[in-house]
Amino acid sequence: MFDIIIIGAGPAGASAGLFAAKAGKKTLLIDSDKSMTKKAWIENHYGLLETTGPELVETGKKQAVKFGAELIQDTVVNVTKSENGFSVATESQQYEGSHVIVATGISTDLAEKIGLSVKEGTEPRIKQVFDVDASGKSNVAGVWVAGTAAGVSVHTIITAGDGAKVAINVISELNGTRYVDHDLLK
């Protein structure tokens, strides 16, 4: 049983995975290898002079794994409520988790299966996004949404930050107190 299952391993999902795993939460990161960031050339990401989308995505996944996230490459086909949270079915396996973070970029294909509300997107070429509150909570308790799927700007720096924000909110809910992660120089 995972504390947090994250669907999508682009900037939002991998960032959420990094924070969740670093906080000691049993974290599963499911990557379909369809991140739109993999097509990007990036020169506007704070802390990086320039990079390719594929390099940024791979680095993000490595960071999440470094802190203990389990990473699998598969496609999620369904999410259903279970006794202790949620059952997440992929094309090849099934996983159980108490919370789910959806970070599927431009895809809202899971909305109907999960029962998530959607609304019209505001970004160019983004037709639909999940309808969530400012913390990332969806209309289904225990299901959160981060990044472009939640309606934030498609810029990698913004989606990565949103993934971190949503993960911190989930971790805070699991802990029962506000979670903060600040490392200091040694």
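Higher on the page you've got the structure.
Worth saying up front: this structure is predicted, and the values here are computed from it rather than measured.

Engineer: Which residues make up the overall build of the protein, and what values do they have?
Structural biologist: Scanning the protein from terminus to terminus reveals 4 helices and 11 strands. Computed over the C-alpha atoms, the radius of gyration of the protein is 15 Å, within 12% of the 16 Å expected from 2.2 N^0.38 for a compact globule of 186 residues. Structurally, the protein occupies a C-alpha span of about 45 × 45 × 30 Å along its principal axes. When the 186 residues of the protein are sorted by exposure, 49% land in the buried category.

Engineer: Report on the nonpolar core, specifying residues and quantitative values.
Structural biologist: Judged by nonpolar contacts, the single largest core of 24 residues is most densely connected at V79, V100, V102, F130 and V143. When residues of this core are traced back to their parent elements, those giving at least two are strand 1 (2–7), strand 2 (27–31), strand 6 (76–82), strand 7 (85–90), strand 8 (94–102), helix 3 (111–114) and strand 11 (143–145). In this structure, I6, A9, A21 and Y179 belong to the second largest nonpolar core, which totals 23 residues.

Engineer: How would you summarise the pairing of strand 1 if you had to cite specific residues and measurements?
Structural biologist: When you tally the buried positions in strand 1, you get 5 out of 6 residues, the bulk of the element. Across 5 bridges, the pairing between strand 1 and strand 8 is parallel. Note that in strand 8 the partner of I6 across the bridge is I101. Pairing of strand 1 with strand 2, which is carried by 4 bridges, proceeds in the parallel orientation. Bridge assignment links I4 to a residue of strand 2, and that residue is T27. Note on the crossover from strand 1 through helix 1 (residues 11–22) to strand 2: the handedness is right-handed.

Engineer: Can you break down helix 1 residue by residue, with the values?
Structural biologist: Note that an α-helix has 3.6 residues per turn; residues three or four places apart therefore point the same way. In this model, helix 1 (12 residues) spans 16 Å end to end at C-alpha, consistent with the 16 Å of a helix rising 1.5 Å per residue. Burial runs high along helix 1: 11 of the 12 residues are buried. Every buried residue of helix 1 is accounted for by P11, A12, G13, A14, S15, A16, G17, L18, F19, A20 and A21. Buried-residue contacts for helix 1 involve strand 1, strand 2, helix 2 (53–66), strand 8 and helix 4 (156–175). Positive backbone phi, approximately 85°, marks G24, located one or two places after helix 1.

Engineer: Talk me through helix 4; I want residue IDs and the actual numbers.
Structural biologist: Spanning 20 residues, helix 4 covers 28 Å between terminal C-alpha atoms, matching the ideal 28 Å at 1.5 Å per step. Where helix 4 ends, the next residue or the one after it, G176, has phi of about 80°, a positive value.

Engineer: Before we move on, can you summarise the layout of surface pockets with the specific residues and values?
Structural biologist: If you add up the space inside the largest pocket, you get close to 1,000 Å³. Taken together, 46 residues line the largest pocket, and the ones lying closest to its centre are K34, M36, T104, G105 and I106. Counting only elements with at least two residues in the lining of the largest pocket, the list comes to helix 1, strand 2, strand 3 (41–42), strand 6 and helix 4. For the lining of the largest pocket, a count of residues per class yields 20 nonpolar, 16 polar and 10 charged. Estimated volume of the second largest pocket: approximately 260 Å³. What lines the second largest pocket is simply P11, A14, S15, L18, F19, H45, L56, V57, T59, G60, Q63 and A160. Elements that contribute at least two residues to the lining of the second largest pocket include exactly helix 1 and helix 2. Grouping the amino acids of the lining of the second largest pocket by side-chain chemistry returns 7 nonpolar, 5 polar and no charged.

Calculation rules
- Residues numbered from 1 in each chain as written.
- Predicted model: local features only at pLDDT ≥ 70, side-chain atom pairs only at ≥ 80, totals over all residues.
- Heavy atoms only, no water.
- Helix = DSSP H or I, 4+ residues; strand = E, 2+ residues; numbered from the N terminus.
- Rg over C-alpha atoms; globule rule 2.2 N^0.38 Å.
- Buried < 20%, exposed > 50% of the residue type's maximum accessible area, 1.4 Å probe, protein only.
- Core = buried A, V, L, I, M, F, W, Y, C linked by side-chain atoms within 4.5 Å.
- Pairing = 2+ DSSP bridges.
- Right-handed = clockwise from strand over helix to strand, strands pointing away.
- Expected span 1.5 Å × (residues − 1).
- Contact = heavy atoms within 4.5 Å.
- 1 Å grid on protein atoms, 1.4 Å probe; cavity = no way out; pocket = protein on both sides within 12 Å on 5 of 7 lines; lining within 4 Å.
- Points joined across faces, edges and corners; volume = space filled by probe spheres on them.
- Nonpolar A, V, L, I, M, F, W, Y, C, P; charged D, E, K, R; others polar.

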